[in-house]
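Inside the fold
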Amino acid sequence: MSQSIQYSIVIPVFNEEEVIHETYRRLTEVMRSTGEAYELLFVNDGSRDKTADILIEYSEKDPSVILLNFSRNFGHQIAITAGMDYSRGKAVVVIDADLQDPPELILKMIEKWKQGYDVVYAKRTKRKGETYFKKQTAKMFYRFLHSMTDIDIPLDTGDFRLLDRKVCDQMNNLQEKNRFVRGLVSWVGFKQTAVEYERDERLAGESKYPLKKMLKLSMDGITSFSYKPLKLASYAGITLSGIGFIYLLVVLYLRLFTNSTITGWSSLIVIQLFFDGIILFILGIMGEYIGRIYDESKQRPLYIVQDVYQKKNEKKMMYR
């Protein structure tokens, strides 16, 4: 049966009851226009609203709809991973449910895929309906990430993309816990290309990536694909040690060969606080890497699927 599915559309959802009806309608309209077999694989990442109930109804009416219900919230990147694990299509498309990424662009991705490309990612040329702060922080995030990582992650791209089955299979073999999907896609390689589009504003609801989550995503991306922060910490340590040694020589010279005296301890306290701050910053960077080693060593599953709904509810407890 898996061979009969041409396209798998993976849609992570979290509290999307306001938009999910329209999301289903537009995705169904687009995929039916292909004239080929498809599945809509919704991954409910612990929604607390009626998102799951709505999708259960769709799964009972439409055999192309599959709903994976997580046992709790595991995060957006893990939800994407679960969708790829369960996907059966020859091509797998990842798209968010908020309709900022237009489902109609999937048809252009399919064209590129049929031309021989293994990965087709959507590149944003414009972001509508977002604040100046959001646009600037996003711009800084992508450029900072690009400069810090050791692989070529395309600028201004999110997780909206099409993956050939062989790429998806390679992604499914990667077991790391703190996942940065778009970075992993770049890491596995294969023939890749872009399609450009203007990103729409959310139809309803609020962003699932506020500043706090963007910072975590940035940290996951950097620490997963680069040792540069550790190198910078080493360089900073060497530089500051040199400065401290030079200052020590100055103090000794003033004490032994001049009549100058050091009045008060203010300058020493300022210097001490500065050095202590740098040391704590370096320890923080090291802690981020050690924390990720700790996560990997625990060997806990990435996610737990409590229920799988497809036409007829089949209750399961599954994990990876």
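The following refers to the structure shown. All values derive from a computational prediction rather than experimental measurement. (Residues numbered from 1 in each chain as written. Predicted model: local features only at pLDDT ≥ 70, side-chain atom pairs only at ≥ 80, totals over all residues. Heavy atoms only, no water.)

**Some remarks on helix α7 (residues 181-188)**
- Among the 8 residues in α7, 7 count as buried, and that is most of the element.
- Looking at α7, one finds that the buried residues are V181, R182, G183, L184, V185, S186 and V188. (Buried < 20%, exposed > 50% of the residue type's maximum accessible area, 1.4 Å probe, protein only. Helix = DSSP H or I, 4+ residues; strand = E, 2+ residues; numbered from the N terminus.)

**Regarding the nonpolar core**
- I9, I11, L40, F42, I106 and F160 are the most contacted members of the largest nonpolar core, which has 34 residues in total.
- Element by element, the count of residues in this core is highest for helix α1 (residues 20-32), at 5 residues.
- Not counting chain neighbours up to four residues away, the residues in contact with I9 comprise L27, M31, E39, L40, L41, V93, I95 and I106.
- Counting 16 residues, the second largest nonpolar core, distinct from the first, contains I80, C168, V185 and V188. (Core = buried A, V, L, I, M, F, W, Y, C linked by side-chain atoms within 4.5 Å. Contact = heavy atoms within 4.5 Å.)

**Some thoughts on helix α2 (residues 51-61)**
- Within α2, the full set of buried residues consists of T51, A52, I54, L55, I56, Y58 and S59.
- Turning to α2, the residues buried within the fold contact β1 (7-13), α1, β2 (38-44), β3 (65-70) and β8 (304-310).

**Quick word on the pattern of salt bridges**
- Counted by the stated rule, this structure contains 9 salt bridges.
- For the salt bridge of E29 with R25, the shortest nitrogen-to-oxygen distance reads 3.4 Å. Of this pair, E29 and R25 both sit in helix α1, 4 residues apart, which is roughly one turn of that helix.
- With a relative accessible area of 40%, R25 lands in the partly exposed category. (Salt bridge = Lys/Arg side-chain N within 4 Å of Asp/Glu carboxyl O.)

**Description of the pairing of β1**
- Counting buried residues along β1, 7 of its 7 residues qualify, which places the element largely inside the surrounding structure.
- Neither face of β1 is open: one carries Y7, I9, I11 and V13, the other S8, V10 and P12, and all of them are buried.
- With 7 bridges connecting them, β1 and β2 associate as parallel partners. The partner of S8 across the bridge, within β2, is E39.
- Handedness of the β-α-β unit built from β1, α1 and β2 comes out right-handed.
- In this structure, β1 lies alongside strand β4 (residues 91-94), joined through 4 bridges in parallel fashion. Bridge pairing links I9 to V93 in β4. (Pairing = 2+ DSSP bridges. Right-handed = clockwise from strand over helix to strand, strands pointing away.)

**Remarks on the packing of aromatic side chains**
- A complete count under the given rule lists 5 aromatic pairs for this structure.
- Consider the rings of Y24 and Y58, whose centres lie 4.0 Å apart with planes at 25°: the pair is stacked. Remark: Y58 occurs in helix α2 and Y24 occurs in helix α1; sequence separation between them is 34 residues.
- Owing to a relative accessible area of 17%, Y58 belongs among the buried residues under this scheme.
- Their ring planes at 15° and their centres at 5.4 Å tell us that F70 and Y303 sit as a pair that is stacked. Taken as a pair, F70 in strand β3 and Y303 in the loop between α10 (266-298) and β8 lie far apart in primary sequence, 233 residues in all. Of the two residues, F70 and Y303, neither departs from the other in class, the shared state being buried.
- Put simply, the rings of F70, F74 and Y303 touch in pairs and so form one group of aromatic residues. (Phe/Tyr/Trp six-rings, centres within 6.5 Å; stacked < 30°, edge-to-face > 60°.)

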